[in-house]
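Examination of the molecular architecture
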Amino acid sequence: MINQVLCILMMISLNYCRTKEEWKNRTIYQLLTDRFASTKTNRTSCDLGQYCGGNFKGIENNLDYIKNLGFDAIWISPIVQNYDGAYHGYAAKNIYQINENFGTAQDLKDLVNACHQKDIWVMIDIVANHMGNQDLDFSRNYPFNQSSHFHDLCEISDQDFATHNLVNIERCRLFMLADLNQDNSYVANELINWIKWIVNEFNIDGIRIDTAMMVKGEFWKKFTEATGIYSIGEVFDGDMGFLKQFIGPMDGLLNYPLFFTLRDVFLHWGDMYRIESFYYYQLQTYGKNNIPFMAQFNDNHDNARFLSDEVNGIEASQLKIIQFKAFTAFTLTSIGVPIMYYGSEQLFTGGGDPKNREIMWNSLNQNSDTYKFIKKINEARRAVNAGAQEQVQRYADNDFYAFTRGQLFAAFTSKYDRDVIRKITYHQYADGTKLCNVLYTGDCVLVQNGSFQVYLRNGEVKIYLPEGILIETE
């Protein structure tokens, strides 16, 4: 109810409101502002641990690349002024100033306006857990420049994370970054006033909340309700039982349990019954009404890329590319709000941070095979409004998994050395319906006597729609 009231007020003042319901139909392209595109440099390489030159204007000038790929939302880096060298944006110095390396406040407004003109929504990364100093000198921070604004000095240990020790996780420092004390009324109120200012001043559509497990849920509930817009929290953990407590304070979470499951299944020729088991447990844990607002992703800035040789010790061979395309297709079509990490469409292979944060501006190729593959999937999802439809499992066994989202039928296998053929009898299509694979022209099957056959060769993915919904494929 509070969010609905805030949305009404926003609609009056800003003529828009991006509710969590509306976000179900969006697909998000995650990019790093410093790495995607630049109007300041055309360098071909840089020290990935430092600023490389990407900026708001660079993104604005290349929105058609994202739009043509089929994405209608972007997630950009934290926007505030940071300590020197913090190109990623997670070491805030002044939360009311824009990071001068990315541009001016007007540049950010211009980017958001340009996005909205192209029906691209903007999600920004938000940090309300800590500031950027790693010492006890708080005087350089604004507005949190007193020791009373922070927890006493201690550092979160690996054991704290492993045992879910929230007492230490909530009060101690991550990477020794000064940990804000949201139990201090000044800190809590200032952060809430700040996020309301950010959303209204820059016309933001959604927020991704960094380090969500490190702040009490009671604060996050007030924080997110103050915005009136969709919020995704980052809880870097694969335990659904642990994640459950953060749903409610935030609309959804980055779906790390699904990420770990799918990466393992597709990478290691895994048992696809694991996907069925995952969805059963997710339903029991989160409840049906919360699942559409979880956010699944294929890669991100905190993990070595799927195609990196750091993942499973295998380089980006043709087989691994097939596996990655299957993983990405599943991410884009399954229930939840899909997020794809920039560079996936160009088969980037970067390892752990910062190698997975590559320069993009020399790789904006709209004719690459994977770019076109992803574009077709996004077009199919949008053509039948799949994001608003329930996901129904249609077939599962050790080697094959299929589901529908409305009229869209998606079929996957984790076996890359054989043909997998399955007869589908549990579906919603009428006899005589011709289903065509959106990824390849002429690959169609006819529903007869209540069934149709799906043929997957050597790990391929098939996304079927009834004939005529999409005009052409390649």
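Quick caveat: nothing in here was measured; it's all calculated off a predicted structure.

**As for the sheet that holds strand β6 (residues 206-209)**
Across the sheet, which stays open at both edges, the 7 strands sit in the order β8-β7-β6-β5-β2-β1-β9 with parallel pairing between neighbours. Edge positions in the sheet fall to β8 (252-253) and β9 (339-341), since each has one partner strand and no second. Against the sheet, helix α10 (residues 217-227) contacts β5 (121-126), β6 and β7 (230-233), and its axis sits at roughly 160° relative to β6.

**A look at helix α15 (residues 369-383)**
Side chains of residues three or four places apart in an α-helix project in the same direction, reflecting 3.6 residues per turn. A rise of 1.5 Å per residue sets the reference length of α15, with its 15 residues, at 21 Å; its end C-alpha atoms lie 21 Å apart and thus fit the reference within 8%. Regarding α15, the residues found buried are Thr-370, Tyr-371, Phe-373, Ile-374, Lys-376, Ile-377, Asn-378, Ala-380 and Arg-381. Contact partners of the buried residues in α15: α5 (63-69), α14 (318-333), β9, β12 (408-413) and β17 (462-466). Of the residues flanking the end of α15, it is Asn-385, one or two places downstream, whose phi is positive at about 55°.

**A look at the packing of aromatic side chains**
Inspection of every chain in the model, using the stated rule, returns 42 aromatic pairs. Ring centres of Phe-138 and Phe-150 lie 4.3 Å apart, and the angle between their planes is 10°; this geometry places the pair in the stacked category. Within this pair, whereas Phe-138 is found in the loop between β5 and α7 (158-162), its partner Phe-150 is found in the loop between β5 and α7, the two being separated by 12 residues in sequence. The exposure class assigned to Phe-138 is buried, which follows from its relative accessible area of 8%. For Phe-150, a relative accessible area of 5% gives the class buried. Look at Tyr-256 and Phe-259: their rings are 5.9 Å apart centre to centre, the planes differ by 85°, and that puts the pair in the edge-to-face class. A residue pair is termed a helical-turn pair when its members lie 3 or 4 positions apart in one helix, as Tyr-256 and Phe-259 do in helix α12 (residues 256-267) at 3 residues. When sorted by exposure, Tyr-256 lands in the same class as Phe-259, which is buried. Lying over the aromatic face of Phe-373, Lys-325 brings its terminal NZ or CZ to 4.6 Å of the ring centre. Between Arg-394 and the ring centre of Tyr-426, over which it is positioned, the NZ or CZ distance is 4.6 Å.

**With respect to the pairing of β6**
When a strand is regular, its side chains alternate between the sheet's two faces. Every second residue of β6 is oriented toward a common face, with Gly-206 and Arg-208 on one face and Ile-207 and Ile-209 on the other, all of them buried. The pairing of β5 with β6 spans 4 bridges and is classified as parallel. Within β6, the position partnered with Met-123 by the bridge is Gly-206. Across 4 bridges, β6 lies against β7 in parallel orientation. Counterpart to Ile-207 in the pairing with β7 is Ser-231. Remark: the β6/α10/β7 crossover connection has right-handed handedness.

**Comments concerning the layout of surface pockets**
As a volume, the largest pocket reaches approximately 750 Å³. In terms of lining, the largest pocket is formed by 29 residues, of which the most central are Leu-174, Phe-175, Leu-177, Thr-211 and Asp-302. Taken together, the residues that form the lining of the largest pocket break down as 14 nonpolar, 7 polar and 8 charged. As a volume, the second largest pocket reaches approximately 540 Å³. As for the second largest pocket, its lining consists of 24 residues, of which Lys-288, Ile-291, Ile-335, Glu-390 and Gln-391 are closest to the centre. For the lining of the second largest pocket, the secondary structure elements donating two or more residues are α13 (273-286), β10 (391-396) and β11 (400-405).

**Brief notes about the packing of α14 against α15**
At a minimum axis distance of 10 Å, the contact between α14 and α15 shows a crossing angle of 25°. When the axes of α14 and α15 are compared, the pair comes out roughly parallel. Note on packing geometry: the crossing formed by α14 with α15 is right-handed. Mapping the contact onto sequence places Lys-325, Thr-328, Ala-329, Leu-332 and Thr-333 in α14 and Asp-369, Thr-370, Phe-373, Ile-374, Ile-377, Asn-378 and Arg-381 in α15. Split by residue class, the contact of α14 with α15 holds 5 nonpolar, 4 polar and 3 charged.

**Re unusual backbone geometry**
The amide bond that connects Tyr-142 to the next residue, Pro-143, takes the cis arrangement and shows omega of 5°. When you line up the elements, Pro-143 lands in the loop between β5 and α7. Residues Asp-353 and Pro-354 are joined by a peptide bond in cis, for which omega reads 5°. Positive phi outside glycine occurs at Asp-119, with the angle close to 55°. Inspection of the secondary structure puts Asp-119 in the loop between α6 (105-117) and β5. When its relative accessible area of 37% is taken as the criterion, Asp-119 is described as partly exposed. One non-glycine residue, Thr-211, lies in the positive phi region at around 45°. Tracing the chain through its elements places Thr-211 in the loop between β6 and α10. For Thr-211, a relative accessible area of 5% corresponds to the buried category.

**Examining the UniProt feature "domain: Alpha-amylase C-terminal" (unreviewed entry) in the protein chain**
Look at the UniProt record and you will see "domain: Alpha-amylase C-terminal" (unreviewed entry) annotated at residues 392-468. Within residues 392-468, the helical portion is 0% and the strand portion 53%, while the C-alpha atoms at the span's ends are 23 Å from each other.

**Quick word on the state of the cysteines**
Disulfide: a covalent bond formed between the sulfur atoms of two cysteine residues. Inspection of the entire model under this criterion finds 3 disulfides. Linked covalently through their sulfurs, Cys-46 and Cys-52 form a disulfide whose S-S length is 1.8 Å. Note on the Cys-46 and Cys-52 pair: the S-S dihedral is about 55°, so by sign convention the disulfide is right-handed. Taking the relative accessible area as the measure of exposure, Cys-52 reaches 1% and is therefore buried.

Cut-offs and rules
- Residues numbered from 1 in each chain as written.
- Predicted model: local features only at pLDDT ≥ 70, side-chain atom pairs only at ≥ 80, totals over all residues.
- Heavy atoms only, no water.
- Pairing = 2+ DSSP bridges.
- Helix = DSSP H or I, 4+ residues; strand = E, 2+ residues; numbered from the N terminus.
- Contact = heavy atoms within 4.5 Å.
- Axes fitted to C-alpha atoms, helices over the stretch in contact; angles between N-to-C directions.
- Expected span 1.5 Å × (residues − 1).
- Buried < 20%, exposed > 50% of the residue type's maximum accessible area, 1.4 Å probe, protein only.
- Phe/Tyr/Trp six-rings, centres within 6.5 Å; stacked < 30°, edge-to-face > 60°.
- Lys NZ or Arg CZ within 6 Å of the ring centre and 35° of its normal.
- Right-handed = clockwise from strand over helix to strand, strands pointing away.
- 1 Å grid on protein atoms, 1.4 Å probe; cavity = no way out; pocket = protein on both sides within 12 Å on 5 of 7 lines; lining within 4 Å.
- Points joined across faces, edges and corners; volume = space filled by probe spheres on them.
- Nonpolar A, V, L, I, M, F, W, Y, C, P; charged D, E, K, R; others polar.
- Parallel < 35°, antiparallel > 145°, perpendicular 65-115°, else oblique.
- Left-handed = near helix turned anticlockwise from the far one by under 90°.
- UniProt positions renumbered as here; feature names shortened; annotations may be inferred.
- Disulfide = S-S within 2.5 Å.

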